[in-house]
Amino acid sequence: MITILIAGAGASGMCAAITAARQGAHVILLEKNDIAGKKISMTGNGRCNITNEAMSASCYNLSAQGKMEGWLQRFGVAKTLEFMKSLGVVTQSEEGYIYPISGQAVTVQNAMIDEVVRLGVEYITGQQLKKITPVDDGGFEVKTTGGLYKADKVIIATGGLSGPKSTMSTGDSYYIAKSLGMNVTKTYPALVSLLSDDKDLPSKYGVRMMAGIRIKEIEDLYEYGEVQITSKGISGIPVLQLSGRVAQYMADNKGTVTAFLDFFPTYSDDDFTNMKKDIIEVSRGKTYIQVLDGISNHLIGLMILSRLGIKEDTVIDANSIDDLERVIDNYRNVRINIVATSDYASSQVTKGGVDLNDLTDDLESVHTPGVYVVGELADVDGRCGGYNLQWAFTSGYIAGMAAAGR
Ligand SMILES: Cc1cc2nc3c(=O)[nH]c(=O)nc-3n(C[C@H](O)[C@H](O)[C@H](O)COP(=O)(O)OP(=O)(O)OC[C@H]3O[C@@H](n4cnc5c(N)ncnc54)[C@H](O)[C@@H]3O)c2cc1C
């Protein structure tokens, strides 16, 4: 019987272990933490956004763009839902975003661990992968902090650098992959908030508004959704979606970028002009801030007025109409100077990793056949919304099948 050693028992490693064991392989699953799937339990604000019905290769950044379509065809959303069903996890769609119906991420974590155990996988916790050495008569010797193991195939599923410390995502295997001849592309934190040095941003508790966000320096990158502005910078889903590209741009160019916020993202130019006319018509005798309170959160109104040097309690009269128009126009172009992203510990995924050009379509190393790389360790990062767990399941399944000889 073939022995497959899988290092790392996160979403990708457990999926690979379950897949290979279901094919009849003898599987050893090694985990550095004291329990498998710690990160799964933290996903989706504790609810685990498993995947997304709006699945497409274009939702991913990767070092071999053309490959994702084929991988998703082999194990996409439908197969993930079947996989969840086979674990006894009941799912539901919330406008396309798939969650366990229990509303609890631990449902997925526990169901995967239960299946690993039920299948007779040798599940070992508290041991860290240290070294993989190909042996002359075939197979590998795998050194961990707990001993030496022999395996015919090895799947490395140790994740990237993202997540709180307790997830033990410390990028351990970048050097192991390098030692086996694989190229590792530069890494950056992704799905993370953007930090600003602007001193006038509102409230440490955060202000939320729907907005479009544009980064002109990076190919006019644009996202739309609910943005949260705090005294430290900006976050929220649209900000997370841009963040990996921003982190990469700032690190590679050693510079900063400007985020332009449009608080009227759904308005055409005509709609906006008409709205302005309507507001101006009813503004006489009111203070600026009274007018702006009808448009935005109070603190955003104060920030815009202060940036334009206009006192909030100035009363609007016939002479101030041009100024009021200028203030309202500003809502389409609020500048936030971005100087950094939050660090890996607060990021949801790592951009960069093991170069996909060094892996076959089965995610097997070109340089060291018999070794597979899956999950966040590979140079794949997806959008926020279930795409990163989908990649963990997709890659875990493909490598699990291939290592088991299927
Ligand atoms: C707060 C948060 C929320 C998220 N929410 C979502 C979401 O809702 N939907 C979504 O799609 N994605 C989400 N993600 C991203 C998603 O969780 C990850 O992309 C995914 O879990 C990666 O799976 P993985 O198996 O590749 O790596 P990991 O989950 O990081 O698993 C790697 C495992 O390997 C172990 N390990 C590390 N080094 C070694 C070693 N040397 N030896 C042995 N074991 C080792 C680790 O302890 C860990 O258990 C979120 C991430 C975070 C941090």
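Bear in mind the structure is a predicted one, so any value in this text is a computation, not a measurement.

### Comments concerning the overall build of the protein chain
Piece 1. For the protein chain, the helix and strand inventory stands at 12 helices and 21 strands.
Piece 2. Dimensions of the protein chain along its principal axes, counting C-alpha atoms only, are 90 × 45 × 35 Å.
Piece 3. Here the protein chain holds 406 residues, and 54% of them are scored as buried.
Piece 4. Within the protein chain, contacts between residues separated by at least 24 positions form 73% of all contacts whose residues are at least 6 apart in sequence.
Piece 5. Only carbon and sulfur atoms are counted for the fraction: they give 48% of the accessible area of the protein chain, which is about 17,400 Å².
Piece 6. Across the protein chain, 38 positive and 47 negative side-chain charges occur, with their mean positions spaced 4 Å apart.

### Some words on the domain arrangement of the protein chain
Piece 1. Under the domain assignment used here, the protein chain contains domain 1 (3-188 + 350-403) and domain 2 (193-342).
Piece 2. Distance between the C-alpha centres of domain 1 and domain 2: 40 Å.
Piece 3. Residue-level contacts link five residues of domain 1 with 10 residues of domain 2.
Piece 4. Carbon and sulfur atoms make up 51% of the surface buried where domain 1 meets domain 2, a total of about 660 Å² over both sides.

### Focus on the site of the ligand
Piece 1. Residues in contact with the ligand amount to 33 residues; listed here are only the nearest, Ser 12, Glu 31, Leu 129, Asp 172 and Leu 389.
Piece 2. Here an oxygen atom of the ligand sits 3.1 Å away from a polar atom, N or O, in the side chain of Lys 39.
Piece 3. When isolated, the ligand has an accessible area of 1,000 Å², and the protein chains bury 95% of it.
Piece 4. Counting only elements with at least two residues in the shell around the ligand, the list comes to α1 (11-22), β2 (26-31), α2 (43-46) and α12 (387-403).
Piece 5. Element by element, the count of residues in the shell around the ligand is highest for α12, at four residues.
Piece 6. Residue classes in the shell around the ligand are distributed as 10 nonpolar, 18 polar and five charged.

### Topic: the layout of surface pockets
Piece 1. There is about 260 Å³ of room inside the second largest pocket.
Piece 2. Lining the second largest pocket we find 18 residues, and of these Asn 61, Glu 223, Gln 241, Arg 245 and Arg 383 sit closest to its centre.
Piece 3. Every element with two or more residues in the lining of the second largest pocket is listed here: β4 (60-62), β15 (221-230), α7 (237-253) and β21 (380-382).
Piece 4. Taken together, the residues of the lining of the second largest pocket break down into seven nonpolar, six polar and five charged.
Piece 5. When residues of the lining of the second largest pocket are sorted by domain, at least three fall in each of domain 1 (3-188 + 350-403) and domain 2 (193-342).

### Remarks on the sheet that holds strand β3 (residues 51-52)
Piece 1. Taken together, the three strands give an open sheet; going across it, the order is β3-β6-β5, and neighbouring strands pair in antiparallel fashion. Both outer strands of the open sheet, β3 and β5 (91-94), are each paired with one neighbouring strand and no more.
Piece 2. Taken together, the four bridges between β5 and strand β6 (residues 97-100) define a ladder with antiparallel strand orientation. Paired with Thr 91 across the bridge in β6 is Pro 100.

### Some details on the UniProt feature "domain: RsdA/BaiN/AoA(So)-like Rossmann fold-like" (unreviewed entry) in the protein chain
Piece 1. Here, the residues flagged by UniProt with the feature "domain: RsdA/BaiN/AoA(So)-like Rossmann fold-like" (unreviewed entry) are residues 3-401.
Piece 2. End C-alpha atoms of residues 3-401 are separated by 13 Å, and the span's content is 31% helix alongside 25% strand.

### Digging into unusual backbone geometry
Piece 1. Look at Asn 45: it is not a glycine, yet its phi comes out positive at around 55°.
Piece 2. Its location among the elements puts Asn 45 in helix α2.
Piece 3. Taking relative accessible area as the criterion, Asn 45 reaches 79% and is therefore assigned exposed.

### Focus on the packing of α1 against helix α5 (residues 105-118)
Piece 1. At a minimum axis separation of 10 Å, α1 and α5 run at an interaxial angle of 35°. In terms of crossing hand, the pair formed by α1 and α5 is left-handed. Contacts between α1 and α5 involve Ala 11, Met 14, Cys 15, Ile 18 and Arg 22 from the former and Gln 109, Met 112, Ile 113, Glu 115 and Val 116 from the latter.
Piece 2. Classifying every residue of the contact of α1 with α5 gives seven nonpolar, one polar and two charged.

### A word on the pairing of strand β10 (residues 147-151)
Side chains on a regular strand alternate between the two faces of the sheet.
Piece 1. Pairing of strand β9 (residues 140-144) with β10, which is carried by five bridges, proceeds in the antiparallel orientation. Of the residues in β10, the one forming a bridge with Thr 144 is Gly 147.
Piece 2. Between β9 and β10, which pair antiparallel and follow one another directly, the connecting turn spans two residues.

### Overview of helix α8 (residues 269-281)
Piece 1. Helix length check: α8, at 13 residues, gives a terminal C-alpha distance of 18 Å against a target of 18 Å (1.5 Å per residue), a fit within 8%.
Piece 2. Residues Phe 272, Met 275, Lys 276, Ile 279 and Ile 280 constitute the buried set of α8. Down the axis of α8, the sector holding all buried residues measures 135°, keeping them to one side. The exposed residues of α8 that point more than 90 degrees off its buried face are Asp 270, Lys 277 and Glu 281.
Piece 3. Lining the buried residues of α8 we find α9 (288-292) and α11 (321-330).

The rules behind these values
- Residues numbered from 1 in each chain as written.
- Predicted model: local features only at pLDDT ≥ 70, side-chain atom pairs only at ≥ 80, totals over all residues.
- Heavy atoms only, no water.
- Helix = DSSP H or I, 4+ residues; strand = E, 2+ residues; numbered from the N terminus.
- Buried < 20%, exposed > 50% of the residue type's maximum accessible area, 1.4 Å probe, protein only.
- Contact = heavy atoms within 4.5 Å.
- Areas by Shrake-Rupley, 256 points an atom, 1.4 Å probe, with all protein chains shown as cover.
- Lys, Arg positive; Asp, Glu negative; His and termini not counted.
- Charge placed at Lys NZ, Arg CZ, Asp CG, Glu CD.
- Domains from an automatic or database assignment.
- Buried area = accessible area lost by both parts, 1.4 Å probe.
- Near = heavy atom within 4 Å.
- Polar contact = N/O pair within 3.5 Å; in protein donor to acceptor, adjacent residues only side chain to side chain.
- Nonpolar A, V, L, I, M, F, W, Y, C, P; charged D, E, K, R; others polar.
- 1 Å grid on protein atoms, 1.4 Å probe; cavity = no way out; pocket = protein on both sides within 12 Å on 5 of 7 lines; lining within 4 Å.
- Points joined across faces, edges and corners; volume = space filled by probe spheres on them.
- Pairing = 2+ DSSP bridges.
- UniProt positions renumbered as here; feature names shortened; annotations may be inferred.
- Axes fitted to C-alpha atoms, helices over the stretch in contact; angles between N-to-C directions.
- Left-handed = near helix turned anticlockwise from the far one by under 90°.
- Expected span 1.5 Å × (residues − 1).
- Arc of directions from axis to C-beta.

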